[in-house]
Amino acid sequence: MTIPGMERHRDKNGEISKKHGNTLVSTLRKIYGDSFAHGFPGHTKLSDVLEEIDDRSLTELVKDHDTGHLLGKLDQHG
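Within each chain, residue numbers correspond to sequence positions counted from 1 in written order. In view of the model being predicted, local features appear only for residues whose pLDDT reaches at least 70, and side-chain atom pairs are presented and counted only at 80 or more, with totals across whole chains, interfaces and linings using the full set of residues. Side-chain metrics rest on all non-hydrogen atoms present in the structure, leaving aside hydrogens and water.

K.L.:
For this particular structure, what's the right way to read the overall build of the chain?
P.N.:
Numbering of helices and strands runs from the N terminus; a helix is a DSSP stretch of H or I covering at least four residues, while a strand is a stretch of E covering at least two. Per the secondary structure count, the chain includes 4 helices and 0 strands. For the chain, the α and β elements follow one another from N to C terminus as α-α-α-α. Buried residues in the chain amount to 35% of all 78 residues. Contacts are residue-level and defined by heavy atoms, with any inter-residue pair within 4.5 Å sufficient. When contacts within the chain are restricted to residue pairs at least 6 apart in sequence, long-range pairs at least 24 apart make up 33% of them. Where accessible areas are quoted, they stem from the Shrake-Rupley method and a 1.4 Å probe; at the residue level, only the protein chains shown are allowed to cover. When the accessible surface of the chain is totalled, it reaches about 5200 Å², and 49% of it is carbon and sulfur. For every residue, the accessible area obtained with a 1.4 Å probe (protein chains only) is divided by the maximum for its type, and the residue is called buried under 20%, exposed over 50%, and partly exposed between those limits.

Here's what the structure looks like:
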């Protein structure tokens, strides 16, 4: 899934560049739904969420969200 405005900021693996870790959870919730990264305030940066739950990329975070594993990871690190 492409995030509006970020399609030009992908590396060779299709991952969003690390310099775009400043994307806010509130922005990602507009794309993935209100439950995305539940427990994190909307002003939290993507890089901080990834660091907190030991995910390496937005792709991995979205996969965890879609499969229902994200909530468990958030509970472990919360």
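More follows now that the structure is in view.
K.L.:
Sorry, what's going on with the nonpolar core here?
P.N.:
Soluble globular proteins tend to bury their nonpolar side chains together. Residues Phe-36, Val-49, Leu-58 and Leu-61 are the most contacted members of the largest nonpolar core, which totals 15 residues. For this core, the secondary-structure elements that each account for two or more residues are α1 (25-32), α2 (46-53), α3 (58-67) and α4 (70-77). The greatest single-element share of this core, amounting to 4 residues, is contributed by α2. Apart from the residues lying within four places of it in its own chain, the contact partners of Leu-61 are Phe-36, Leu-46, Val-49, Leu-50, Ile-53, Asp-55 and Leu-70. For this analysis, a nonpolar core means a set of buried residues of the types Ala, Val, Leu, Ile, Met, Phe, Trp, Tyr and Cys, connected via side-chain atoms within 4.5 Å.

K.L.:
Looking at this structure, how should I read unusual backbone geometry?
P.N.:
In terms of backbone geometry, most residues other than glycine have negative phi values and most peptide bonds are trans. If you check the backbone angles, Ala-37 has positive phi at about 55 degrees while not being a glycine. Note on placement: Ala-37 falls in the loop between α1 and α2. Under the relative-accessibility criterion, Ala-37 is labelled buried at 1%.

K.L.:
Can you help me understand α1 in this one?
P.N.:
Given 3.6 residues per helical turn, the α-helix brings residues three or four places apart onto the same face. The complete set of buried residues in α1 reads Val-25, Leu-28, Arg-29 and Tyr-32. Across the axial projection of α1, the buried residues extend over an arc of 110 degrees, all falling on one side. Close packing links the buried residues of α1 with α2 and α3. Just past α1, the residue Gly-33 takes up positive phi, approximately 105 degrees. When we speak of the arc, we mean the arc of directions from the helix axis to the C-beta atoms.

K.L.:
Sorry, what's going on with the confidence of the model for the chain here?
P.N.:
A low pLDDT score tells you not to read the predicted coordinates there in detail. In the predicted model, the chain carries a mean pLDDT of 75, and the fraction of residues at 70 or more is 72%. The predictor reports its confidence for every residue as pLDDT, a score running from 0 up to 100. The lowest-confidence element of the chain is α4, averaging 73 in pLDDT; the highest-confidence one is α1, averaging 89. Note that residues 1-10 has pLDDT below 50 and, in this model, 23 contacts with residues that lie over four places away or in other chains.

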